[in-house]
Amino acid sequence: MAGRGGPRGRGRGAPALRGRGGGPSIGSVPSSGPGIPNQGDHIATVGVKRSAFGSSGRAIEVFTNHYEVSIPQGMIYHYDAISPSEHTLPARLNMELIVKLQERDHPEIFTPRGVYDGRKNMFSVKRFPFENDTRTFDVTLSDPNVQDSPGRAAVGRGPKIYKIKLTKVAEINPEVLSRFLEGSQSHDNTVLTAITALNVVVRMEPTKNYPFNVRSFFTPREQKDIGGGLVLWRGYFQSVRPAIGKMLINIDISTGTMYKEGPLLNICLEFFNRGNDPNILAPARGLPERERLRLQRFISGVRVMTNAANQGQQGRTRTPRVVKKLSSAGANSLSFTMREGGTMTVAQYFARTYNRPLQHPAILCVEVGNGALIPIELCTVVPGQIMRKQVPPEKTKDVLEFATKKPADRLASIRNGLGVLSYGQSEYVRQFGLHVKDTGGPLSVNARVLNPPTLKYGQNSKQPTIVPRDGAWNMIDKKFFQPATIKAWVVVVYERQNRFRDENAKDMIAGLLEACAAVGIVVQDKQPLVFWENAQGTIADHLRKAGLACNQKKGVFPNLIVAVLPEQATDIYTAIKHFGDVSTGVATQCLKSQKCTRAKQQYYANVCLKINVKLGGINTIPDARSVSILTDPHNPTIVMGADVIHPAAHSEGRPSFTSLVANVDSDTAKYIADCRVQTSRQEMIDDLEDMATHMIDMYINYRRNVEKKPNPQPKRIIFYRDGVSEGQFRQVLEHELPQIKKACAKMKVDPKITVIVVGKRHHVRFFPKRPDEADRSGNCRAGTVIDRDIVHPLEMDFYLQSHGGLLGTSRPAHYNVLYDDNRLTADGIQQLSFALCHVYARSTRSVSIPAPVYCMYFHPFLYSDQVHSAFRCGYCLLPSQEPL
């Protein structure tokens, strides 16, 4: 039940995983520090135990979207709630059944009422009077006799009966929570269940009254119509979390994409956005099959009410029907066989049975869950339905605009949300003895602002070093630390020549040459060949032809292909990247024709950031004094970043992709990447041993053959892992850490390993208390770190907001240290992570998570198995021409 942002799923009595002793010169951590809970040796944790807080940086205070909540005093009884059905019922239906059971059918038993999570868990402050602590109930929902409809027999059936079995499985003494918060109790299943119970208590009231998903519910108080049959509702997220010495409730705003209520016909017309003529939904009048299927995917799963009668409620079913699919023909073309013999169309059926001639008999019907075919014009969409499919790409901008709020506005919305949550008025919160301290405003916590690292540029720069300010800096008077060389290059234009003329191409080439000279990139070919190609052709053939022409005329193949693309050219972009990154190993740079027409030098300077690293150059490195952990010559260090990318929701048969990024140089500025395919939606990386072996081998070869280091073997590995939920931490230690160790053994090296999970899928936010502590966007400044007050009671974790704000409220990254052979200090890990956020090569801004993990969001292609080939995104490199 615990996922991202929820309580941690841990096994009972899990053994503590401790690092090896005798760390490097950065020193061992002390056994305890001020404010650290007193942890005995018998206390088991999954991650590394916290032994001290960080102290570096400037101390400040910030607001956070947390409120303190009291712990119940009485016993809590845990029941399994099971519906012995062939199919798993939706959480919404489960919740409705439990509410009917408690409030309508058996209030004498369920007083005070229990709380339910919509799936399996029910909690009560009272032990229910069941024989042997178990009982099965029959529960019905309102479902009157339904008239005969096409596709089903005429029946006069009664309401459907659902069986619900409740069984007591545990008694929870909240005292275990108090001991856990004080550091004298392991985070075992008892603690996990107690935290789950508190979450179910605070969510019960809103989930009864509003549409909800796992941790958020949505209200129509604030909404926005974005067209296409969709409307956005403001939602509220809430999660009870343990912290040092207290329990907290994390409250945040969220966004729900809802189906618009009202006539289904109107929603279908809005979806196509082609006017108000219902006949566009008629297959006999030209509705393409692919458009019918697209509409079917959009409305499948929607609950509708039907009204076949002309007046009043006669014929209206009080239980909504679920749309399964669309008919392939209109109501006047769909025939079915009557039980008494003969055939009839759907349109004729509704005209004769209900005296309701259809206004639009040629348009589609919907098939609902019971198999009935109902004309679209007779269906009404029930309000408050969450669209659980992927948001259409053309609506993404609207969703972001609605969801994005400046820090002050977001904090105001959270405060306003307390009125919707109404903890003090909830009978469930009161009867469990919870009290949320929401009258004094959000929690104020201690924070620090870390000093940014000094960045080094090339020796020929007028300004060879710079200290970023608010997470940003510029390239004025700076040359790249290690500029690349363009030996030969070609330009391939896929925009029409009347839109991107010859003079536009010449201006673009001149702008690129000027920008390259400014940053130190050596361009040996000042007059590249230019080709205009038809985007409808074979992209690989075009690029291959351009390369052969370059070799024929200039005696060398190009090491850079610049492609100019029109708008909406995703397919062309994909084909170009596949040609360069997978097929041939040549660097490619795509430009949009609109942007490079009369572009300013700043645009081409940004392009050069990408070109340089694709060709094997290094843009900048952190100064050695800023990251002593990485630059210690006695302890060569590999920094690795790993992640798994899963297919989109509702995608069937598509695999997941695993990726691993690691540096090969001593300055942790030159990275390579490896990507593999594995079982769909599997989070743990199966091939990590082979991937890590390759990274270590490349690191050793680069340091030995290129940097000429006498000690090329790594002494330390810092492994950043993204994308795992808190309930999967143990799996990382049991499945992935051993693979890294096996890779080291295979390469005959014995580095000390540190494993850090970094995540951003949470709802923790920070807000400046004073205007002078905010950046220009109103967010906390880059480098704000919080490692006390709201963090885990036992384990070493912290929040770091490493990037400057742009739009909306910045989300800090959450770091959990799971394993630490290197015995790094809290300050050391925090400063290391902050420094790595500044070496992402595609921009002159710090990013939200360390660059080895961040860059994997931009890897669209598979890694080639050939040893000298690698991704050529704006970050990872190692050109195929470079000798190792």
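Since the structure is predicted, the reported quantities are computational estimates derived from the model, not experimental observations. (Residues numbered from 1 in each chain as written. Predicted model: local features only at pLDDT ≥ 70, side-chain atom pairs only at ≥ 80, totals over all residues. Heavy atoms only, no water.)

### Examining the side chain of Ser777
For step 1, the next point in the chain: By the secondary structure assignment, Ser777 is in the loop between β35 (766-768) and β36 (784-786).
For step 2, the next point in the chain: Relative accessible area serves as the criterion here: at 18%, Ser777 is assigned to the buried category.
For step 3, the next point in the chain: A polar contact is formed between the side chain of Ser777 and the side chain of Asp775, at a distance of 2.7 Å.
For step 4, the next point in the chain: Polar contacts involving the side chain of Ser777 include one to the side chain of Asn779, which spans 2.9 Å.
For step 5, the next point in the chain: Look past the residues within four positions of Ser777 in its chain and what remains in contact with it is Pro407, Gly805 and Leu806. (Helix = DSSP H or I, 4+ residues; strand = E, 2+ residues; numbered from the N terminus. Buried < 20%, exposed > 50% of the residue type's maximum accessible area, 1.4 Å probe, protein only. Polar contact = N/O pair within 3.5 Å; in protein donor to acceptor, adjacent residues only side chain to side chain. Contact = heavy atoms within 4.5 Å.)

### Considering the pattern of salt bridges
For step 1, the next point in the chain: On inspection of all chains with the given rule, the structure shows 43 salt bridges.
For step 2, the next point in the chain: Across the salt bridge formed by Glu171 and Lys168, the nearest N and O atoms sit 3.4 Å from each other.
For step 3, the next point in the chain: Judged by its relative accessible area of 40%, Glu171 is partly exposed.
For step 4, the next point in the chain: Between Arg234 and Glu222 there is a salt bridge, with its nearest N and O atoms 3.0 Å apart. Of this pair, Arg234 sits in strand β9 (residues 230-243) while Glu222 sits in strand β8 (residues 216-227), placing them 12 residues apart in sequence.
For step 5, the next point in the chain: Under the relative-accessibility criterion, Arg234 is labelled buried at 2%.
For step 6, the next point in the chain: Where salt bridges share partners, they join Glu103, Arg113, Lys208 and Glu427 into one cluster. (Salt bridge = Lys/Arg side-chain N within 4 Å of Asp/Glu carboxyl O.)

### Some remarks on the sheet that holds strand β21 (residues 455-456)
For step 1, the next point in the chain: The strand order across the open sheet formed by three strands is β22-β21-β29, and the pairing between neighbours is antiparallel. If you trace the sheet from one side to the other, it starts and ends with β22 (465-466) and β29 (621-622), each paired once.
For step 2, the next point in the chain: As paired elements, β21 and β29 share two bridges and run antiparallel to each other. Directly across from Leu455, in β29, lies its bridge partner Pro622. (Pairing = 2+ DSSP bridges.)

### Remarks on the environment of Lys553
For step 1, the next point in the chain: Mapped onto the secondary structure, Lys553 falls in helix α11 (residues 539-554).
For step 2, the next point in the chain: Residue classification places Lys553 among the exposed residues on the basis of a relative accessible area of 64%.
For step 3, the next point in the chain: Taking the C-alpha atoms as reference points, Lys553 and Leu529, separated by 24 residues in sequence, lie 9.4 Å from one another.

Purely geometric numbers; function is a separate question.
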